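Breakdown of the fold
Read off the chains here:
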Amino acid sequence: MSEAILDRLRRLRAGDAPTHGGRVLAYVYDAGLPELDELADEAARLSRPVNGLDPTVFPSVAVMERELLGFVRRVLHGGPRTGRGIGGAVGTVTSGGTESCLLAVKTARDRWRSERSAAIPAVRPRLVAPATAHAAFQKAARLFDLEWDPVPCGADGSVRAQDVVSRLDADVALVVVSAPAYPSGALDPVREVAEAARARGIRCHVDACFGGLVLPWWPDGGGNRRVPPWDFRVDGVTSISADLHKFGYAPKGVSVLLHRDRRDHRAQFFATTRWPGYPVVNPTLLGSRSASSLAAAWAIVHRLGDAGFAELARSIARVAESVRAEVESIAGLQVWGDPAGPAVTLVADPDAPAAVRVDPHHLADALAGRGWRIQHQPGFVQTDGSRLPRSAHLTLTPVLERRIGEFRSALTAAADDVRGRPPADARGLARAMRALGYGPGGRVPGPRAASTLLTLAGAGTVRPDRPMATLMALIEELPAPVAEALLTELVARLSAPA
Ligand SMILES: *Cc1c(COP(=O)(O)O)cnc(C)c1O
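Numbers given for residues are sequential positions, taken from 1 along each chain in its written order. Given that this is a predicted model, residues contribute local features only at a pLDDT of at least 70 and side-chain atom pairs are listed and counted only at 80 or more, while totals for whole chains, interfaces and linings are drawn from all residues. Working from all heavy atoms in the structure, the side-chain values ignore hydrogens and water.

Going by the annotation in an unreviewed UniProt entry, the name recorded for the chain is Aminotransferase class V-fold PLP-dependent enzyme, with Microbacterium resistens given as the source organism. UniProt positions are given in the numbering used here, feature names are shortened, and annotations may be inferred rather than shown by experiment. Per UniProt, the chain carries the Cofactor (unreviewed entry) text "pyridoxal 5'-phosphate". Here is the UniProt Sequence similarities (unreviewed entry) comment for the chain, exactly as written: "Belongs to the group II decarboxylase family. Sphingosine-1-phosphate lyase subfamily."

Encoded structure:
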């Protein structure tokens, strides 16, 4: 009976994109070290039955958490500085990057309210960040009722410090910069923004969910430029998020949020004695929580140590250099902006003649046909009306170094497949939807209408190997609320009970 159930799961898993081996350049982070996965599995198994809700009942949770936080805080230069009266950063292990970002925003909002509300009554606090900041911050703004104030980036995906700083007024509860930003791989101007924020008494969060466990060991030189300080070395950085389930190589479900100031960390907590049940003390959004991912991350960090992380970072840096060199040799395609760290984003060369240009979404579809997955990112109109190009994101991991030659050949061959092919055109579809009332300022489709529209768009069913270029083009054309309703429908239907 159990065997049959597991057999079925094995068959289902065989239909998934491969989580190991480097063929999927997003979502999964493979160090290429099977012994590390085995260690993580065993640690997770040992802690599986534990409830992370209460470290007084399960002290192993507190021990692993403080050792993990101690490691991350040291590499992010947040350790105590004796003589300067700095006690060292403190923080919490969370369930992932989104939860770390949500908690950073909630904390800053609560602290802003308690410090500012008397002086500035009845305003909604503002959350300022470059437009390339992770969507988790928009989610936080919605959940915690802040005004989302994205700062437009240049066409190369980078933001000018001055454009961020000029928005920092007394109603700003938090400014966010990224190290690096996920869509572009660009390192935001952390020092300039954090120092200006500090001068104005505004908190500054560095979202290092992506880079937090690679950039500390990123090598200088070669084709890789030096990474300027972006962590607690920079005065004015008040909190940092770093995901252990990305370049900490842990299974999903673990991230870290660190605060420079103890009072900020305490403000993150929810505690209540005002119910007839057990006294509740939650540092995170969740109540009962798994200790498995914590245990896996803890074991990996002990096993790798600085030397292990440094070696893996060097491997990724070599991969990054190699991928950039290959892209430079491909006519009609280029790397977007100036990425720092383990992400590279591809865009069509805007200066190339149309007959030579390589559309990144066709490229991603062609690569999928060759067994490689890179991530489609739709073009984006910013609040000032300027456009960021459609692109394809590549997360580079150590395991890719083993088949880098194979990947470079596939990249060039896929570009040859699609060179000169015009970008997918969804204007006709968007026009048809406008005629049905789903245009700008129009209706937002409910579940039934959204289903019909998806079928109209040829996206009624999804399979992992389905070309995405047309769907992405449609997202670019539709009003955001309509596109969001269609995508919600698409995904919600996948898990509708049979
Ligand atoms: C991945 C990521 C997040 C969100 O993390 P999840 O773990 O997917 O919830 C936030 N910020 C950046 C820069 C990221 O790369």
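Some details on a nonpolar patch on the surface
Only residues whose relative accessible area exceeds 30% and that form no salt bridge are eligible for patches; like-charged ones are grouped when within 9 Å, while nonpolar side chains (Val, Leu, Ile, Met, Phe, Trp, Tyr) are grouped when within 5 Å. Shrake-Rupley sampling with a 1.4 Å probe provides the accessible areas, and residues are treated as covered by the protein chains on show and by no other component. Any Lys or Arg side-chain nitrogen found within 4 Å of a carboxyl oxygen on Asp or Glu counts as a salt bridge. Together, Leu6, Leu9 and Leu12 give the surface a local cluster of nonpolar side chains, amounting to about 260 Å² of exposed area. Numbered from the N terminus, helices here are DSSP runs of H or I no shorter than four residues, and strands are runs of E no shorter than two. If you trace the backbone, Leu12 turns up in helix H1 (residues 2-14).

Quick notes on the nonpolar core
What is meant by a nonpolar core is a set of buried Ala, Val, Leu, Ile, Met, Phe, Trp, Tyr and Cys residues, joined one to another through side-chain atoms within 4.5 Å. Classification of residues uses two cut-offs on accessible area relative to the type maximum, computed with a 1.4 Å probe and protein chains only: under 20% is buried, over 50% is exposed, and between them is partly exposed. One finds Trp230, Tyr249, Leu363 and Leu396 to be the most contacted residues of the largest nonpolar core, which totals 110 residues. Per element, the largest residue contribution to this core is 18 residues, and it comes from helix H9 (residues 292-328). Note on definitions: a residue-residue contact is assigned when non-hydrogen atoms from the two residues lie within 4.5 Å. Beyond its immediate stretch of four places on either side in the chain, Leu396 contacts Leu25, Phe247, Ile316, Val319, Ala320, Val323, Pro342 and Val344. Counting 20 residues, the second largest nonpolar core, distinct from the first, contains Ala426, Ala430, Leu453 and Leu471.

With respect to the site of the ligand
Taken together, the neighbourhood of the ligand is formed by Gly97, Thr98, Cys101, His134, Pro180, Tyr182, Asp207, Cys209, Phe210, Asp243, His245 and Lys246. For the purposes of these results, a polar contact is taken to be a pair of N or O atoms within 3.5 Å, where, inside protein, one atom must be able to donate a hydrogen and its partner to accept one; residues adjacent in sequence count only when each atom of the pair is a side-chain atom. Interatomic distance of 2.5 Å between a side-chain N/O atom of Thr98 and an oxygen atom of the ligand. Lys246 has a polar side-chain atom sitting 2.8 Å from an oxygen atom of the ligand. If the ligand stood free it would expose 380 Å²; the protein chains cover 85% of that surface. Tallying contributions element by element places helix H4 (residues 97-116) first for the shell around the ligand, with three residues. Residues are grouped as follows: nonpolar covers Ala, Val, Leu, Ile, Met, Phe, Trp, Tyr, Cys and Pro; charged covers Asp, Glu, Lys and Arg; every other residue, Gly included, is treated as polar. Considered class by class, the residues forming the shell around the ligand number five nonpolar, four polar and three charged. Residue proximity to a molecule or strand is established when one non-hydrogen atom of the residue lies within 4 Å of it.

Focus: helix H11 (residues 404-418)
In this scheme, a helix's expected span is set at 1.5 Å multiplied by one less than its residue total. Here H11 spans 21 Å end to end across 15 residues, near enough to the 21 Å set by a 1.5 Å rise per residue. Three or more residues of H11 are buried, namely Ile404, Phe407, Ala410, Leu411, Ala414, Ala415 and Val418. For H11, the angular spread of buried residues about the axis comes to 130 degrees, placing them on one side. As for H11, its buried residues are in contact with H9, strand S11 (343-348), helix H10 (360-369) and strand S15 (391-395). Positive backbone phi, approximately 85 degrees, marks Gly420, located one or two places after H11. This arc describes the spread of directions from the helix axis toward the C-beta atoms.

Structural notes on the packing of aromatic side chains
Side-chain rings of Phe, Tyr and Trp, where Trp is taken by its six-membered ring, are said to pair if the distance between their centres is within 6.5 Å; with planes under 30 degrees apart they count as stacked, over 60 as edge-to-face, and otherwise as tilted. Taken as a whole and judged by the stated rule, the model has eleven aromatic pairs. Ring centres of Tyr29 and Phe210 lie 6.4 Å apart, and the angle between their planes is 70 degrees; on these two criteria the pair is classed as edge-to-face. In this pair, Tyr29 sits in the loop between H1 and helix H2 (34-47) while Phe210 sits in the loop between strand S5 (203-207) and strand S6 (239-243), placing the two residues 181 residues apart along the sequence. Comparing Tyr29 with Phe210 shows no difference in burial state: the two are buried. One aromatic cluster is present, built from ring pairs that chain together Tyr29, Phe71, Tyr182, Phe210, Trp217, Phe247, Tyr249 and Phe309. Charges are assigned to positions over rings by a cutoff of 6 Å between ring centre and Lys NZ or Arg CZ, combined with an angular limit of 35 degrees from the ring normal. One Lys or Arg, Arg23, reaches over the ring of Trp372 and ends 4.4 Å from the middle of that ring.

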